[in-house]
Structures are given as structure tokens and as C-alpha cells.
Amino acid sequence: MQRWRGLEDIPQDWGRSVVTIGSYDGVHRGHQLIIRHAVNRARELGVPAVVVTFDPHPSEVVRPGSHPPLLAPHHRRAELMAGLGVDAVLILPFTTEFSKLSPADFVVKVLVDKLHAKAVVEGPNFRFGHKAAGHVEFLATQGKTYDFEVEVVDLYVTGEAGGGEPFSSTLTRRLVAEGDVEGAAEILGRPHRVEGVVVRGAQRGREMGFPTANVETLPHTAIPADGVYAGWLHAQGEAMPAAISVGTNPQFDGTERTVEAYAIDRVGLDLYGLHVAVDFLAFVRGQARFDTLDALLEQMAEDVKRCRELVAAAERSA
């Protein structure tokens, strides 16, 4: 799959294509409906399928300081889109100047002049251009002028997550923030993932017999509520069952929130400096402070036992 950053990265000889545009944070099951439709339409027409997205999130430019917690960084979204059959991803730097493009100018500069759109696939509430003035009806009129089809796909999916609310990135972020990683996984179609580089911490876990990978998470990452979780630590191409701790470590009067993952039953791992990923399977318990160190160690052993059981059960049912 090709990845472009900015309009200038698009090959000059790029032909017609089917395009879908959006932030697509998380590439959740609703997003997947639209993207799969775009890919299927591209196959029917014999042209590539292109996803257009933005960096940073448009809200950060329009309303500085309002950047939402991200469910997936751009490289992860691109991996997921490639898995859905997308041929190219175009990341447009979202600047103040770019935000002032009128809907009509956006159509010409992006869809017509650069991507030579043959069809554009969107959800019913798609908005674009300056002050989000463009909508699918306007896009359809532009399609008649510039020879591209517009297809609208209902992205709304519901389930048990959020009490039956339609699946969305906003709902997913809320569930993650509440620690409901199982609800988030229902929406995403996979466990919520946090990524970053392993850095040196206080190394108390190592001293207590539970050495953890202290993950320095990427900016704006959506991090689950404080507590202990079962999941997986992905490193060096391997997915290792893990007990994951999120929080400030109140036992030792910590103040900085961290994400630490203990690779269950693994000895001698040296992950410092490596980029790793942590997948959250299930919430085990909330963060707590214990009366004694022995009480903490006893609870940690119970946590690891429970995490081992939860991961094993998930892997058996996969």
C-alpha cells in the first residue's frame, strides 16, 4: 500500500481512483463499512481505493487545545486500512491555511486535480471545507460537474457497548477512559492498543519479581482508566500474555501516570528502547494502595494469575 503525506507526494501519473475522506480514528467497525464499500467499488471499476485523512486532527487547528485522545496513530490506521484492501493512504497536513479551503476548492484541489476521483464514498454526516460547510449533497452536485459518483454508506452499527449507542470514535474514547476496554473492543473489532517506546522507570517491579515494560506512550494517546488489565505485550514480532498496570503507582506516592506491562512467565526480556504495543483485553481491578508491601505482592500474584486465565481463555476462543 502506498502512503503519501501531502498532495505533492501523489504520483504525477496517478489515474482515476475511488476515494473516501475522514479522520477514521480507530478504524472502528462503522468506519470499516465505508472503507470496505470504497474498496469493493474500486475493484468493480478497476481503479485503486484511496483513503484521505488529516494530521493533526482538524479540531486541534480549528479549536487549539481540543485535540481528542487518539485511538490509533496514523501508522496503525494505515496498517488496518491496508488489511481492508486500501491501495493508498493520503495524509493531508491540516493547517490553518488548509482549514480555510472552501468546499468547492477542496473538491478541485484534492479530488479532481490530484486523485482524479471516479467515485467518492462517505457516511451520511460527512462534512468538509471551511467551517465544515460542505456536505454529501453538495459533494453530489460537484460530482455531476467533475464526473465522479458519490455513494453514501450508513456507518451506524450498534451492539451492547455504551448501552446500545451507535458505534463511534467518541463513544470508544469514552469507554476507554472509563476502563471498559471490552466495550471498546466490541466497537473496534479488536482490542484497544497503546503504543510507545520502553523507557527506564523506577524498576520497582523488577525488584519485586514482576519486571515491567514502562511504555512512554505517543502524544494524545487514549489511555484506559487507572487500574490493572489483562492483555498482550507486542514486541519484536511476538504477542506475549501480559498483566498491565495503568496509573500513578499510589503505593509509592507516584504522581505521573504510566502504562506498564509485565510479560507473564517471561524471564530475561530486555525491551529498553524498543517500540512496543500493548493490547487491552479486560479490566481486572482498580488502582489501590495496600497497607504493606507483602499485601501488594500477594495481590500482584493474584493479578497475574487472573490475567493469565483471561488471556488463555481469549486465545482458546479466538
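Residues numbered from 1 in each chain as written. Predicted model: local features only at pLDDT ≥ 70, side-chain atom pairs only at ≥ 80, totals over all residues. Heavy atoms only, no water.

Chemist: Residues and numbers for the overall build of the chain, please.
Modeler: On a plain count of helices and strands, the chain comes out with ten helices and twelve strands. Along the first, second and third principal axes, the C-alpha atoms of the chain reach 75 × 40 × 35 Å. A buried classification covers 49% of the 318 residues belonging to the chain. Just so you have it, the chain exposes about 15,100 Å², and 50% of that area is on carbon and sulfur atoms. (Helix = DSSP H or I, 4+ residues; strand = E, 2+ residues; numbered from the N terminus. Buried < 20%, exposed > 50% of the residue type's maximum accessible area, 1.4 Å probe, protein only. Areas by Shrake-Rupley, 256 points an atom, 1.4 Å probe, with all protein chains shown as cover.)

Chemist: Could you give me a rundown of the sheet that holds strand 2 (residues 17–21), with the residues and numbers involved?
Modeler: Taken in spatial order, the six strands of this open sheet run 1-4-3-2-5-6, and their pairing is parallel. Each of the sheet's edge strands pairs with one partner strand only, and the pair in question is strand 1 (2–5) and strand 6 (149–152). Ignoring strand direction, the axes of neighbouring strands in this sheet form an average angle of 25°. Note: strand 3 (residues 49–55) against strand 4 (residues 88–93), six bridges, orientation parallel. Counted as the bridge partner of Val52 is Leu90 from strand 4. (Pairing = 2+ DSSP bridges. Axes fitted to C-alpha atoms, helices over the stretch in contact; angles between N-to-C directions.)

Chemist: Just give me the short version of the domain arrangement of the chain, but keep the residues and values in it.
Modeler: Taken domain by domain, the chain holds domain 1 (2–156) and domain 2 (192–317). Using only C-alpha atoms to locate each centre, domain 1 and domain 2 end up separated by 36 Å. Counting residues at the interface gives eight residues for domain 1 and eight residues for domain 2. Summed over both partners, the interface of domain 1 with domain 2 comes to about 650 Å²; 55% of that surface belongs to carbon and sulfur atoms. On the domain 1 side of the interface with domain 2, the three residues burying the most area are Leu70, Leu71 and Arg76, jointly 51% of the side's total. Taken together, domain 1 and domain 2 are joined by zero salt bridges. Inspection of the domain 1/domain 2 interface yields three residue pairs in polar contact (both at pLDDT 80 or more). (Domains from an automatic or database assignment. Contact = heavy atoms within 4.5 Å. Buried area = accessible area lost by both parts, 1.4 Å probe. Salt bridge = Lys/Arg side-chain N within 4 Å of Asp/Glu carboxyl O. Polar contact = N/O pair within 3.5 Å; in protein donor to acceptor, adjacent residues only side chain to side chain.)

Chemist: I'd like a rundown of the sheet that holds strand 10 (residues 238–247), residues and numbers included.
Modeler: Taken together, six strands build a closed barrel; the order of strands is 7-8-11-10-9-12 and the barrel is antiparallel. When the angles between neighbouring strand axes are averaged without regard to direction, this sheet yields 45°. Here seven bridges tie strand 9 (residues 227–235) to strand 12 (residues 275–285), and the two strands are oriented antiparallel to one another. Following the sheet pairing, Trp232 is matched in strand 12 by Asp279.

Chemist: Can you lay out empty space enclosed by the protein for me, pointing to particular residues and giving the numbers?
Modeler: Under the definition given, this model contains one cavity of 30 Å³ or more. By volume, the largest cavity is sized at about 70 Å³. Lining the largest cavity we find Leu71, Ala72, Pro73, Arg76, Leu188, Arg190, Pro191, His192, Arg193 and Glu195. Looking at which element gives the most residues to the lining of the largest cavity, the answer is strand 7 (residues 192–199), with three residues. Both of domain 1 (2–156) and domain 2 (192–317) provide at least three residues apiece to the lining of the largest cavity. (1 Å grid on protein atoms, 1.4 Å probe; cavity = no way out; pocket = protein on both sides within 12 Å on 5 of 7 lines; lining within 4 Å. Points joined across faces, edges and corners; volume = space filled by probe spheres on them.)

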